[in-house]
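Overview (structure and organization)
Next come the chains, spelled out residue by residue.
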Amino acid sequence: MKHIDPYRQPGTLQALAAKINDLPLPDRKINLMEVCGTHTMNVHRHGIRDILPDNVRLISGPGCPVCVTPRSGLDTAIAYARDSRVIVTTFGDMIRVPGSTSSLQDERSKGADIRIVYSALDSIEIALANPDKIVVFLGIGFETTIPGHSQTILSIKNKGIKNFGILSLGKVIPPAMELLADDPDLNLHGFLAAAHVSTIIGLKPYEPVAEKGIPVVVAGFEPADILTGIIALLEQASKGESRVENVYTRVARSDGNPKAVEVIHRVFKIVDSEWLGFGIIPGSGVRIRDEFADFDAEKLHPVEVEDTKLITGCRCGEILKGLIEPPECVLFGKECDPSRPQGACMVSSEGTCAAFYKYQGPFELND
Amino acid sequence: MTDKNNNERITLAHGHGGLASHHLIRDIFASAFSSPELDPLDDAANIDLPTGEISFSTDSFVIQPIFFPGGDIGKLAIAGTVNDVAAMGAKPLFISVGFIIEEGFLFSDLEKIVGSMADECRHAGVRIATGDTKVVPKGAVDKIFINTTGIGIRRKGIKLSGALARPGQSVILTGPAGVHGAAIIVARNELNIRGKVYSDCCSLNDLVEQLLDKLGQAITVMRDPTRGGVATALNEISRASKVGIEIVETEIPIGPETMAVSEILGFDPLYLANEGALLIILDDDAVDKALRICHSHPRCMEARKIGEIRDDLGGKVVLKAATGGRRIVDMLAGEMLPRIC
C-alpha cells in the first residue's frame, strides 16, 4: 500500500480541495467529464463531487466496458450460452447484465455452462480440459484489456487448440470522446482521461479532441490524482486553453506502451462498432484479423442470435453519454437497483448508476 | 481424545444413533465439552438459571474454508454466538451445538474443530449444555455446518438495542474494520494472493462486561459488525433508531492487509465482516473512559471513535472522506464482484 498512501494523505487532499476552490474561475458553468468508470467510482467514493465549486460539474462518461456493450452483443453472448456445445467464459460483471429476453445469469440457472474468469488466458485451461466443447470468451474491454486478449491468441496460435474463440466486443475510447466533444447538448469543457487506458495508448490519440477546443488531462485513480487532474482541467478551461496534459506521469508515458499497442493491432483490426447509447461509432471497436479467424468465436462457431429488443424506461444510453444523471431515470432506485438491475450501468462495479446508488443512495444527500 | 489414525473418516454410521454414534459422542464431543449440564447425555439439558430476563440467540456457520488464519469454523461458532448474546448486554452462559457433517469428513479435522470450540468456551466462560450431530451423504453439505444457540442473563438496568441511538452520541469501533472478511478472501486463495491475513475471530463478552460495569447506561447500542461489515451494521442502527450517522474516513481503523486486499479486488473494507470487533454507540462524555477500557483489552487496542449520531443527515449513514467531501454509505445491494479493468 505504500505506493498509494501518499495519494490519500488527508493533508494533501484537503490542500488540493482548497486549491480547487481558490482558483479564479469564470462564473459560467464548467462541465468536466470523467471518462472512465474507475474514476467515476472513486469520485463518489472520496466525496469529490461534494467539494467542487457550485459551477463545476463532473459528468460521468462511457468508460465502463460492460456498460457500453450493446444489447445485441449480450444477445450474442446469451445465444452462445444457450448452445449446449459451448462453455462461455466471462468477466463476472457481464453475467447479470440483462439482454433482450434473458441474462447470462438466467441462462446459468437453466443449466448453461458459464464460468467467471479473470483473464482470457484462464479460458485456455478450460478449453484444454473440455476438448469436446467450444469455449467462447466474451472479449469485452478497452485498450487496457484488449492486449491480454491479443496475447492469449498469440500464445496459443500454433498449439493446435481448435475449440477456443473470442467474441470481439472490445472497444477503443478516443473516437467516443471525439463524438462527445462535438455534442452541443453536453457542452463539455474538459475530459479527465482514463488512467489505465492512457498508460497503453499514451497522449497522442487524444489530440483530435484537444483540437476541438476541449482540454484533456490524463489523471490517475487515487483521490489526489483526481483532484490534481481537475485542477489542471480548470486551469486550462479558465485560460481558454485546450491541450492534452498528463498529470499521471508516474505511470503513464507520453507515448504509452507501444508494445501493448502493437500487440493489439497484430491480432485485432479497428472496425466500426456499436456502443450502447451511442449507436455505431466509426473506428471505435476491434475485430479479430482474418489470419486469426480460428479464434474468432463468430467464425469458429456461428450462432443464431434473437432479435434485439429495447428495455422500456431504461435510460442507460443517455447516462453513458452524460446527458442525464441516474436519479433522472424513472427506474433508478425503484424498479432498478443493484439487486435487480434493468441496465448494465447498474450492474457493473464501474457503472455510473451503480456508483450513484452505492455512494449517494437512491436519494439525494439531505443536508 | 482418540488415538484414531489421521485418515479415519466420519461415515453415515456415525449419524445413525448406534454404536458408532455412541463412540463419536463419547470419544470426541463428551470429553471436549464436558460440563455438569452435558455430562448426563440426556435428551435435554436441565439448567438452573438465575432469575431475570435472558437473551437468546442462534446462528448457523457454513464458512468456507473451515480452517483460516486466526481461527476455524468451531471457534467462530462459539465466538459468534457469544458476541451476539453479549452485545445485547447479557452475560452468555450456555451454548447448544448442532453439527451437520458430510460423510467422509476427517476425524482429525473434527477433533481440531471441537478442540477450538472447547478452548473458546473456556476463554469466554460459557458451557456447552446440549448438542446434536447428524451425518449426511457426501455432497449434501460442504464438509461441516455448525449451528450454535446461546443463552445469557441480562444485566439489570441495562437496555441495549439498535433502536436506541440518539443524536449527539458517539460511535466507537473496537478493532480494525473488515479483517475477518479479508482473511477469508485470502484464505480461499482463488486469486493466488500470497501472504496471510489473520481473522479477528474472538469472544468479546469480557470487554462488554467491563464496559457495562464502568459505563452502564451511557452505552445504548452494541453491535458486532459481521456479515455486511461496519457499513451494514451502521445502516441497520440508523434505520432502527431513525437517526443519521456520520463517520470520518480518517478515523476508521483499517489494517494495511485489509486495505491491500480490498484495493486489489475492488472491495470496500467497510462492507467486509469482523468477527471480533464491536460497534458501540454511547454518550459522548463516556468516550474517553470506554476507549481506555478497550485499549486495555488485548484484542481492542486499535479501538477508535469513528463518528457520531446526528439528527441532520436525513436518516442516512454518511462518510466524511479524507478529501473533506461527504458521501452516503448505503446498505450493500447485490454482491461484490471483482473489477475487470
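What counts as what
Residues numbered from 1 in each chain as written. Chains lettered and ligands numbered in written order. Predicted model: local features only at pLDDT ≥ 70, side-chain atom pairs only at ≥ 80, totals over all residues. Heavy atoms only, no water. Helix = DSSP H or I, 4+ residues; strand = E, 2+ residues; numbered from the N terminus. Buried < 20%, exposed > 50% of the residue type's maximum accessible area, 1.4 Å probe, protein only. Contact = heavy atoms within 4.5 Å. Areas by Shrake-Rupley, 256 points an atom, 1.4 Å probe, with all protein chains shown as cover. Rg over C-alpha atoms; globule rule 2.2 N^0.38 Å. Pairing = 2+ DSSP bridges. Axes fitted to C-alpha atoms, helices over the stretch in contact; angles between N-to-C directions. Salt bridge = Lys/Arg side-chain N within 4 Å of Asp/Glu carboxyl O. Phe/Tyr/Trp six-rings, centres within 6.5 Å; stacked < 30°, edge-to-face > 60°. Lys NZ or Arg CZ within 6 Å of the ring centre and 35° of its normal. Arc of directions from axis to C-beta.

In this section: the overall build of chain A. The helix and strand inventory of chain A stands at 17 helices and 11 strands. Across its three principal axes, chain A shows a C-alpha extent of roughly 65 × 45 × 40 Å. Out of the 367 residues in chain A, the part that is buried amounts to 59%. Considering only residue pairs separated by 6 or more positions, chain A has 76% of its internal contacts joining residues 24 or more positions apart. Put simply, chain A shows about 14,300 Å² of open surface, and 49% of that area lies on carbon and sulfur atoms.

Right, let's talk about the overall build of chain B for a bit. A count of helical and extended segments in chain B gives 8 helices and 13 strands. A globule of 341 residues ought to have a C-alpha radius of gyration of about 20 Å, and chain B, at 21 Å, matches this closely. C-alpha atoms of chain B, sized along the principal axes, occupy 65 × 55 × 30 Å. Expressed as a percentage of its 341 residues, the buried residues of chain B come to 57%. Taking the contacts inside chain B whose residues are at least 6 apart along the sequence as the reference set, 86% of them involve residues at least 24 apart. Of the roughly 14,400 Å² of accessible surface on chain B, a fraction of 50% belongs to carbon and sulfur atoms.

Quick look at the sheet that holds strand S8 (residues 216–218) of chain A now. Residues and elements named next belong to chain A. Spatially, 5 strands are ordered S2-S1-S7-S8-S9 in an open sheet, and the strand pairing comes out parallel. Looking at strand neighbours, the two that pair on one side only are strand S2 (56–63) and strand S9 (244–246), the edges of this open sheet. For this sheet, the mean inter-axis angle between neighbouring strands, taken without regard to orientation, is 25°. Against the sheet, helix H2 (residues 37–45) makes contact with strand S1 (30–36), S2 and strand S7 (190–193), and its axis sits at roughly 120° relative to S1, the strand it touches most.

Attention shifts here to the pattern of salt bridges. For the coordinates displayed, the defined rule picks out 39 salt bridges over all chains. A salt bridge links Arg115 of chain A to Asp113 of chain A; the nearest nitrogen and oxygen atoms lie 2.9 Å apart. Judged by its relative accessible area of 29%, Arg115 of chain A falls in the partly exposed class. A single salt-bridge network, built from bridges that share partners, covers Glu246, Glu308, Arg310, Asp312 and Arg326 of chain B.

With the rule as written, the count across this model stands at 6 aromatic pairs over all chains. Following the ring pairs from residue to residue traces out a cluster consisting of Phe142, Trp275 and Phe278 of chain A. Above the face of the Tyr7 of chain A ring, Arg250 of chain A is positioned so that its terminal group lies 3.6 Å from the ring centre. Over the ring of Phe67 of chain B we find Lys112 of chain B; its NZ or CZ atom is 4.9 Å from the centre of that ring.

Here we take up helix H5 (residues 205–215) of chain B. Residue and element names in this part refer to chain B. Those residues of H5 not exposed but buried are Asn205, Leu207, Val208, Leu211, Leu212 and Leu215. Across the axial projection of H5, the buried residues extend over an arc of 155°, all falling on one side. Every exposed residue of H5 that faces more than 90 degrees away from the buried side is listed here: Asp213 and Lys214. Where the residues of H5 are buried, they touch helix H2 (73–86), strand S4 (90–102), helix H3 (107–124), strand S8 (219–223), strand S10 (279–282) and helix H8 (287–295). Directly after H5, the chain includes Gly216, whose backbone phi takes a positive value near 45°.

No statement about biological role is implied by the geometric values presented.
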